[in-house]
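# Understanding the architecture of this molecule
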Amino acid sequence: VLGARASMPWFIAHVSLLLMSGYIDYQLADHLSPAVPARTSAVFFLLNFLGTSAIAYFLLRYAATQKERYESALLESNRLLQIEQDRSERLLLNILPRPIADRLKGGERTIAESYQSVTVLFADLVGFTNLSSRTDAAEIVNMLNQIFTKFDQLVERHGLEKIKTIGDSYMVVGGLPVARPDHPRIVAQMALEMMSAISGINQETNTDRAIRIGINTGPVVAGIIGK
């Protein structure tokens with residue numbers, strides 16, 4: 001219970017008391033009248049020793065078992081906590097780029113940067129306002145989820161950053177927070193693939209959705225606003 005080093009003096013004391021008890025036991029046995037047979041004395045001495053040792057052993061065994069049980073429960077709690085931390089991390093990375101998220105977790109509260117050259121892509125669906133006014137809400141959300149999931153896969157493949165979605169609008173940026181010289185070409189490539197993705201969805205769902213895409217390259221200021 002106390003640890004290996006702290007237990008040694010107690011073990012030495014235990015052995016010393018055992019030897020002393022054995023000596024006294026046999027000394028007293030020689031002066032008894034009538035004399036107790038040596039075999040009987042040895043048997044009772046052994047039983048006494050085994051009894052106290054058994055009590056000590058099972059108490060320590062119980063303590064060790066409880067310790068293992070608590071350690072197992074602690075490991076399980078840590079595992080569940082890690083799962084929740086990973087889930088929170090994924091949610092945070094859905095909102096912010098990893099470098100920015102790491103800086104926020106590191107204690108920074110005001111983050112503002114100037115970038116001399118980035119490319120911003122802004123896209124929306126043609127006729128979405130009229131469509132949403134005559135379509136069930138769940139159907140609208142499912143449609144946007146299907147389209148934006150395709151776009152998210154393109155963003156991840158090209159190493160770009162999705163800034164936000166507002167209704168049917170989708171905003172992506174290349175060249176921040178990590179600068180890269182090829183951001184105009186990569187964003188333009190993504191725009192072409194977004195159009196292809198819409199065509200593929202139209203074929204799968206027998207619809208005729210169309211998308212508008214605008215791209216601009218230049219300097220920007222980027223920062224974290226609000227809580």
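My aim in this report is to walk through the structure given alongside it, one point at a time. All values reported here derive from a predicted model rather than from experimental measurement.

### Some details on the overall build of the protein chain
A tally of helices and strands in the protein chain yields six helices and four strands. Counting from the amino terminus, the protein chain carries its helices and strands in the arrangement α-α-α-β-α-α-β-β-α-β. Here the protein chain has a C-alpha radius of gyration of 38 Å; the compact-globule value for 227 residues is 17 Å, and the former is much larger. Here the C-alpha coordinates of the protein chain stretch approximately 115 × 45 × 30 Å along the principal axes. For the protein chain, with 227 residues in total, the buried portion stands at 23%. Considering only contacts in the protein chain between residues 6 or more positions apart, those separated by 24 or more positions represent 64%. As displayed, the protein chain offers around 16,300 Å² of accessible surface, 61% of which is attributable to carbon and sulfur atoms.

### Notes on the nonpolar core
Leu 125, Met 143, Ile 147, Phe 151, Tyr 170, Met 190 and Met 194 are the most contacted members of the largest nonpolar core, which has 25 residues in total. Breaking this core down by element, the ones donating at least two residues are strand S1 (112-125), helix H4 (128-133), helix H5 (137-158), strand S3 (169-174) and helix H6 (183-205). The contacts of Met 143, once residues within four sequence positions are left out, are Leu 125, Phe 128, Leu 131 and Arg 209.

### Focus on the sheet that holds strand S4 (residues 211-223)
Strand order in the open sheet formed by four strands is S2-S3-S1-S4, with antiparallel pairing between adjacent strands. Unpaired on one side and paired on the other, strand S2 (161-166) and S4 mark the two borders of the sheet. Strand-to-strand twist in this sheet, taken as the mean axis angle between neighbours without regard to direction, amounts to 25 degrees. In this sheet, S3 lies alongside S1 in antiparallel orientation, the contact comprising five bridges. By the bridge assignment for S3, Thr 119 is matched with Gly 174.

### Topic: the packing of H5 against H6
Viewed as axis vectors pointing N to C, H5 and H6 meet at an angle of 150 degrees, and their least axial separation amounts to 10 Å. Taken as axis vectors, H5 and H6 run roughly antiparallel relative to one another. The element H5 and its partner H6 pack so that their crossing is right-handed. For the pair formed by H5 and H6, the contact residues are Gln 146, Ile 147, Lys 150, Phe 151, Leu 154, Val 155, Arg 157 and His 158 on the first element and Ile 186, Gln 189, Met 190, Glu 193, Met 194, Ala 197, Ile 198, Ile 201, Glu 204 and Thr 205 on the second.

### Observations concerning the pattern of salt bridges
Following the criterion strictly, the structure yields twelve salt bridges and no others. Its salt-bridge partner being Glu 84, residue Arg 87 comes within 3.1 Å of it at the nearest N-O pair. With Arg 87 and Glu 84 both in helix H2 (residues 38-95), this residue pair falls three residues apart, about one helical turn. Across the pair Glu 89 and Arg 98 runs a salt bridge, and its minimum N-O distance is 3.4 Å. Note on Arg 98: relative accessible area 45%, which makes it partly exposed. Residues joined by salt bridges that share partners form a network here, namely Glu 89, Arg 98, Asp 102 and Lys 105.

### Notes on the packing of aromatic side chains
The full count for this structure, using the stated rule, is four aromatic pairs. Measuring from centroid to centroid gives 5.1 Å for Tyr 57 and Phe 58, while their planes differ by 75 degrees, and the two rings are edge-to-face. With relative accessibility at 44%, the residue Tyr 57 sits in the partly exposed group. For Phe 58, a relative accessible area of 51% puts it in the exposed group. Seen in terms of ring centroids, Phe 148 and Tyr 170 are 5.1 Å apart; in terms of plane orientation they differ by 45 degrees. Their pairing is tilted. Here Tyr 170 lies in strand S3 and Phe 148 lies in helix H5, a separation of 22 residues in the sequence.

Thresholds applied
- Residues numbered from 1 in each chain as written.
- Predicted model: local features only at pLDDT ≥ 70, side-chain atom pairs only at ≥ 80, totals over all residues.
- Heavy atoms only, no water.
- Helix = DSSP H or I, 4+ residues; strand = E, 2+ residues; numbered from the N terminus.
- Rg over C-alpha atoms; globule rule 2.2 N^0.38 Å.
- Buried < 20%, exposed > 50% of the residue type's maximum accessible area, 1.4 Å probe, protein only.
- Contact = heavy atoms within 4.5 Å.
- Areas by Shrake-Rupley, 256 points an atom, 1.4 Å probe, with all protein chains shown as cover.
- Core = buried A, V, L, I, M, F, W, Y, C linked by side-chain atoms within 4.5 Å.
- Pairing = 2+ DSSP bridges.
- Axes fitted to C-alpha atoms, helices over the stretch in contact; angles between N-to-C directions.
- Parallel < 35°, antiparallel > 145°, perpendicular 65-115°, else oblique.
- Left-handed = near helix turned anticlockwise from the far one by under 90°.
- Salt bridge = Lys/Arg side-chain N within 4 Å of Asp/Glu carboxyl O.
- Phe/Tyr/Trp six-rings, centres within 6.5 Å; stacked < 30°, edge-to-face > 60°.

Function cannot be read off these values alone, since they describe shape.
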